[in-house]
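# Examining the three-dimensional arrangement
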Amino acid sequence: MQNNQAPIPYPPRALSTKDVLYLKDALSWELLAFKKFHFFAQQVSNLEIKQALEKAGKMHQDHFQKLLPHLQVDNNATLTSLPNQQQGQQS
């Protein structure tokens, strides 16, 4: 199955409820992955493996930090500032 939709060039100004729920799930997944890599890095004595685990954990921590600001916006204020698209549809 191919996805023929063009990617969105920039994020939407307001998030839907579904977007917020997905972001919360993604944050949970990234946090869990970070915790697991951190835990396993503490368990190994091989320095090369330890560094690889720490690097993978850092990547998930960075992903978490990139996602978090998207949930720290005042979505209600953004929604009220958008033009009401239903006004043009009413007769």
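Look up a bit, the structure's there.
These remarks concern the structure in this document.

### Quick look at the pattern of salt bridges
Inspection of every chain in the model, using the stated rule, returns one salt bridge. Of the charged contacts, one joins Asp-62 and Lys-58 as a salt bridge, the two residues approaching to 2.7 Å between their closest N and O atoms. Here Asp-62 pairs with Lys-58, and both are found in helix α2 (residues 47–67), just four residues apart, close to one helical turn. Judged by relative accessible area, which is 30%, Asp-62 ranks as partly exposed.

### With respect to the side chain of His-60
The topology assignment puts His-60 in helix α2. Filtering out sequence-adjacent residues up to four positions away, His-60 remains in contact with Glu-30, Ala-33, Phe-34 and Phe-37.

### Comments concerning the side chain of Glu-30
Positionally, Glu-30 belongs in helix α1 (residues 17–43). Non-local contacts of Glu-30, meaning those with residues more than four positions away in its chain, are made with His-60, His-63, Phe-64 and Leu-67.

Rules of the game
- Residues numbered from 1 in each chain as written.
- Predicted model: local features only at pLDDT ≥ 70, side-chain atom pairs only at ≥ 80, totals over all residues.
- Heavy atoms only, no water.
- Salt bridge = Lys/Arg side-chain N within 4 Å of Asp/Glu carboxyl O.
- Helix = DSSP H or I, 4+ residues; strand = E, 2+ residues; numbered from the N terminus.
- Buried < 20%, exposed > 50% of the residue type's maximum accessible area, 1.4 Å probe, protein only.
- Contact = heavy atoms within 4.5 Å.

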